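Spelled out from the first residue to the last, the chains are:
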Amino acid sequence: MVTQTDQFLQRDADLPKPKYNYGDRVFARLGKMPLVGMVIREVNSTVLIHSDLPLMIENQFRHIVAVPIKNVSLLMEIK
């Protein structure tokens with residue numbers, strides 16, 4: 001008997017693996033502005049990030065921003 005996990009793995013075997021997964025803590029730069037937040041999802045060469053602090057973009061406060069993947073890096077966990 002095949003489980004759902006096996007079915008999904010077979011279905012998605014040829015898809016590229018994402019660099020960042022949901023919930024990963026990241027550091028990014030939006031223009032010259034640094035931000036820290038959580039990854040929502042990765043779409044093509046863009047990462048949607050839920051920032052810890054609101055950002056003012058075009059006279060609006062935003063928590064969710066799209067950042068180019070080249071400007072994103074994983075936060076190091078300090079123990």
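Preceding this paragraph is the structure being described.
Residues numbered from 1 in each chain as written. Predicted model: local features only at pLDDT ≥ 70, side-chain atom pairs only at ≥ 80, totals over all residues. Heavy atoms only, no water.

## Digging into the overall build of the chain
Next up, step 1: Counting its secondary structure elements, the chain contains one helix and five strands.
Next up, step 2: When its helices and strands are written in sequence order, the chain yields α-β-β-β-β-β.
Next up, step 3: Here the chain has a C-alpha radius of gyration of 16 Å; the compact-globule value for 79 residues is 12 Å, and the former is much larger.
Next up, step 4: On the principal axes, the C-alpha backbone points of the chain span a range of 55 × 35 × 20 Å.
Next up, step 5: Out of the 79 residues in the chain, the part that is buried amounts to 18%.
Next up, step 6: Taking the contacts inside the chain whose residues are at least 6 apart along the sequence as the reference set, 32% of them involve residues at least 24 apart.
Next up, step 7: Element-wise, carbon and sulfur atoms account for 58% of the exposed surface of the chain, whose accessible area totals about 6,500 Å².
Next up, step 8: Taken as two groups, the 10 positive and 8 negative side-chain charges of the chain have centres that lie 8 Å from each other. (Helix = DSSP H or I, 4+ residues; strand = E, 2+ residues; numbered from the N terminus. Rg over C-alpha atoms; globule rule 2.2 N^0.38 Å. Buried < 20%, exposed > 50% of the residue type's maximum accessible area, 1.4 Å probe, protein only. Contact = heavy atoms within 4.5 Å. Areas by Shrake-Rupley, 256 points an atom, 1.4 Å probe, with all protein chains shown as cover. Lys, Arg positive; Asp, Glu negative; His and termini not counted. Charge placed at Lys NZ, Arg CZ, Asp CG, Glu CD.)

## Here's the deal with the sheet that holds strand β5 (residues 72-74)
Next up, step 1: Spatially, five strands are ordered β4-β3-β2-β1-β5 in an open sheet, and the strand pairing comes out antiparallel. A single partner strand is all that each edge strand has here, and the edge strands are β4 (60-68) and β5. Sheet twist, expressed as the average angle between the axes of neighbouring strands with direction ignored, equals 40°.
Next up, step 2: Alignment of strand β2 (residues 33-43) against strand β3 (residues 46-57), held across six bridges, turns out to be antiparallel. (Pairing = 2+ DSSP bridges. Axes fitted to C-alpha atoms, helices over the stretch in contact; angles between N-to-C directions.)

## As for the environment of Pro68
Next up, step 1: Looking at the element boundaries, Pro68 is found in strand β4.
Next up, step 2: Residue classification places Pro68 among the partly exposed residues on the basis of a relative accessible area of 33%.

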